[in-house]
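# Reading the structure
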Amino acid sequence: MEFVLKQKEFYHLREDPTYPDSICPTKIESQMLIKEMLIQMVNFHKNISPLKFIHIGCDEVFHINKCYECSRENFSNTDIFIKHIRKIKQIVEDINPETTVLIWDDMFRSIKLKSWNEIGYFNKIQTVYWDYGANSSVSHVNLLKYHRKFDNIWIATAFKGADGRLSTIPNLKNRFLNHLSWLKLIANYKFGGETNFHSFVGIILTGWSRYSHFDPLCELLPASIPSLLLNLLLIRKFNEGHLSYNNAIKEMDFRDFFNKYLQTDFSDSLHCVIHDIEKTNYSPCIFDGCELYNYLSEFLKIHENVIYYFESEKHGLSSLQYYANQKNLINMNNAVMNMKLCNGTLHELFDVERKLLVVMSQYYGNDTIEEYINAKMLHLKRKLEGSMKIFKDLMGIRAFETSLKHLKWDSTVLESH
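Nothing here was measured: the structure is a model prediction, and the numbers come from that model.

Another aspect to go through is the overall build of the protein chain. Summing up its helical and strand segments, the protein chain has 15 helices and 7 strands in all. Relative to its 417 residues, the protein chain shows a buried fraction of 43%. For the protein chain, the computed accessible surface area is about 22,900 Å², with 53% contributed by carbon and sulfur atoms.

Following this line, the structure appears as structure tokens:
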């Protein structure tokens with residue numbers, strides 16, 4: 001919706017004029033727009049193969065029941081949301097009766113059990129319970145609610161895009177733990193009062209590229225292949241029965257599980273030896289995207305160094321600011337050394353930038369490349385260039401004071417003039 005509602009011709013369909021993330025569900029024109037979008041998507045896929053499922057999103061609806069058209073209906077937020085979902089489901093069914101609607105679950109989580117019991121069955125709608133944390137915090141009550149009202153329950157994990165808006169490379173440990181904790185949860189899952197194990201219909205491995213349409217790009221797909229591969233291998237082991245109800249496996253540490261079940265396959269797939277997913281250097285590995293992964297790893301090392309020198313605090317100041325202010329400690333040699341450090345780091349940054357420009361052109365258009373590199377590099381460049389100016393100025397002051405002392409002039413008198 002953000003992509004659509006940011007366009008000037010659709011501003012008037014926003015639920016809240018300030019935000020482009022939620023459409024007003026009450027306006028007839030909103031339904032027409034959604035219908036047209038769905039027709040385009042369904043028909044496009046029908047030309048390839050019959051479309052079995054379509055995911056309509058509907059997560060994180062932060063702005064609901066705000067506009068005049070919605071509020072005058074005197075419905076609760078829940079009523080408006082559910083009414084909207086049923087309308088969309090009917091639109092999809094009219095376009096293609098064989099297509100089942102998938103929907104994110106989070107807007108259902110806060111509905112109390114008593115109110116939930118009054119809600120009718122969601123025919124031909126299936127919910128997708130998402131949780132991307134390293135230790136999934138899944139509500140069994142909510143799972144039970146969905147079990148009673150939906151045909152099936154899916155789960156959703158994240159192999160990238162869940163470790164921060166500015167993340168550059170997936171945190172393999174967090175992404176692996178996210179999948180492992182989910183799979184341990186659903187292995188031989190039973191709902192209260194039922195004797196049979198519940199079979200979750202499917203797993204969606206999500207790979208987020210932005211936290212919103214207006215946020216910068218986070219992890220790029222080519223550099224995230226090791227994470228995707230690792231977790232697909234894990235799911236294959238799950239399907240083969242290696243996570244069946246077994247207390248030893250349920251309690252197994254993620255390193256032990258990796259070493260026992262995944263290390264050989266993972267290493268063979270990447271053509272390198274992986275001993276520890278958390279600490280391993282993946283630069284010797286071979287996979288689609290390995291070159292991009294290596295250059296981004298170089299960038300991260302530079303970034304860590306710059307953060308250490310410029311943003312790690314010492315007495316409330318960054319390291320360089322602190323030492324630059326210590327007139328009794330800083331001398332000409334220290335100023336020269338620090339300026340060389342800044343200059344060398346800046347050259348390293350420009351070198352990585354040149355490499356990224358070349359390798360990213362294999363995957364992305366110029367606009368995306370320019371946006372990504374500016375978002376990653378601009379802040380660091382300004383830090384380095386600003387510090388070089390500080391040390392140049394400092395060197396000039398020190399050189400001037402040295403010349404005054406050599407000529408035996410009183411610098412304090414000169415300063416007073």
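Let's shift gears to the packing of helix α7 (residues 172–186) against helix α8 (residues 225–239). Where α7 contacts α8, the axes come no closer than 10 Å and their chain directions differ by 20°. The angle between the axes of α7 and α8 places the two elements in the roughly parallel class. Relative to α8, α7 is oriented so that their crossing is right-handed. Each of Leu-172, Arg-175, Phe-176, His-179, Leu-180, Leu-183 and Ile-186 in α7 lies in contact with α8, whose residues at this interface are Ser-227, Leu-230, Asn-231, Leu-234, Ile-235 and Phe-238.

Looking now at the packing of α8 against helix α10 (residues 254–270). Relative placement of two packed helices is described by the angle separating their axes and the distance separating the axes. Contact geometry of α8 with α10 gives a least axis separation of 10 Å together with a crossing angle of 130°. For the element pair α8 / α10, the angle class is oblique. In this structure, the crossing between α8 and α10 has a hand that is right-handed. Facing α8, whose interface residues are Pro-226, Leu-229, Leu-230, Leu-233, Leu-234, Arg-236 and Lys-237, α10 presents Phe-257, Phe-258, Tyr-261, Leu-262, Asp-265, Phe-266, Ser-269 and Leu-270. Grouping the constituent residues of the contact of α8 with α10 by class yields 11 nonpolar, 1 polar and 3 charged.

What the rule picks out here adds up to 1 disulfide. Paired through a disulfide, Cys-272 and Cys-285 show a sulfur-sulfur distance of 2.0 Å. Taking the sign of the torsion about the S-S bond as the criterion, the disulfide between Cys-272 and Cys-285, at about 85°, is right-handed. Taken together, the residues Cys-272 in the loop between α10 and α11 (290–310) and Cys-285 in the loop between α10 and α11 connect sequence positions 13 residues apart. The cysteine Cys-67 is free of any disulfide, with Cys-24 supplying the nearest cysteine sulfur at 3.5 Å. The class of Cys-67 is buried, set by a relative accessible area of 9%.

Tallying each qualifying case throughout the model produces 15 salt bridges. A salt bridge links Glu-93 to Lys-89, with the nearest nitrogen and oxygen atoms 2.8 Å apart. Within this pair, Glu-93 and its partner Lys-89 are both found in helix α4 (residues 77–95), separated by 4 residues, close to a single helical turn. Through salt bridges with shared partners, one network takes in Arg-236, Lys-237, Glu-240 and Asp-265.

On to helix α6 (residues 140–149), then. For an α-helix, 3.6 residues make a turn, and residues three or four places apart therefore share a direction. Every buried residue belonging to α6 is among Asn-142, Leu-143, Lys-145, Tyr-146 and Lys-149, and all of these are buried. Down the axis of α6, the buried set is contained in an arc of 155°. They therefore lie on one face. Those residues of α6 hidden inside the fold are in contact with α5 (113–117), β3 (125–130), β4 (153–160) and α7. The backbone nitrogen of Val-141 lies 3.3 Å from a side-chain oxygen of the residue at the head of α6, namely Ser-139.

Judged by how many residues are buried, strand β2 (residues 100–104) sits mostly within the fold: 5 of 5 residues are covered. Residues Thr-100, Leu-102 and Trp-104 line one face of β2 and the alternating positions Val-101 and Ile-103 line the opposite face, and both faces are buried.

In this section: the nonpolar core. Of all hydrophobic cores here, the largest spans 98 residues; its most connected members are Phe-108, Phe-176, Phe-266, Ile-277 and Leu-356. Those residues in contact with Phe-108 that sit more than four places away from it in its chain are Phe-81, Ile-82, Ile-85, Ile-103, Trp-116, Phe-122, Thr-127, Lys-145, Tyr-146 and Phe-150. Leu-102, Tyr-132, Trp-154 and Ala-156 belong to the second largest nonpolar core, which has 8 residues in total.

This next bit is on the sheet that holds strand β5 (residues 202–207). The strand order β1-β2-β3-β4-β5 describes an open sheet built from 5 strands, whose pairing is parallel. What marks the edges here is a single partner per strand, and that holds for β1 (53–55) and β5. Direction aside, neighbouring strands of the sheet carry axes that sit 30° apart on average. As paired elements, β1 and β2 share 3 bridges and run parallel to each other. Directly across from His-55, in β2, lies its bridge partner Leu-102. Its contacts with the sheet place α4 against β1, β2 and β3, and it is angled at close to 150° to β2. Contacts from α6 reach β3 and β4, with the element oriented near 170° to β3.

Reading guide: rules and limits
Residues numbered from 1 in each chain as written. Predicted model: local features only at pLDDT ≥ 70, side-chain atom pairs only at ≥ 80, totals over all residues. Heavy atoms only, no water. Helix = DSSP H or I, 4+ residues; strand = E, 2+ residues; numbered from the N terminus. Buried < 20%, exposed > 50% of the residue type's maximum accessible area, 1.4 Å probe, protein only. Areas by Shrake-Rupley, 256 points an atom, 1.4 Å probe, with all protein chains shown as cover. Axes fitted to C-alpha atoms, helices over the stretch in contact; angles between N-to-C directions. Parallel < 35°, antiparallel > 145°, perpendicular 65-115°, else oblique. Left-handed = near helix turned anticlockwise from the far one by under 90°. Contact = heavy atoms within 4.5 Å. Nonpolar A, V, L, I, M, F, W, Y, C, P; charged D, E, K, R; others polar. Disulfide = S-S within 2.5 Å. Salt bridge = Lys/Arg side-chain N within 4 Å of Asp/Glu carboxyl O. Arc of directions from axis to C-beta. Polar contact = N/O pair within 3.5 Å; in protein donor to acceptor, adjacent residues only side chain to side chain. Core = buried A, V, L, I, M, F, W, Y, C linked by side-chain atoms within 4.5 Å. Pairing = 2+ DSSP bridges.

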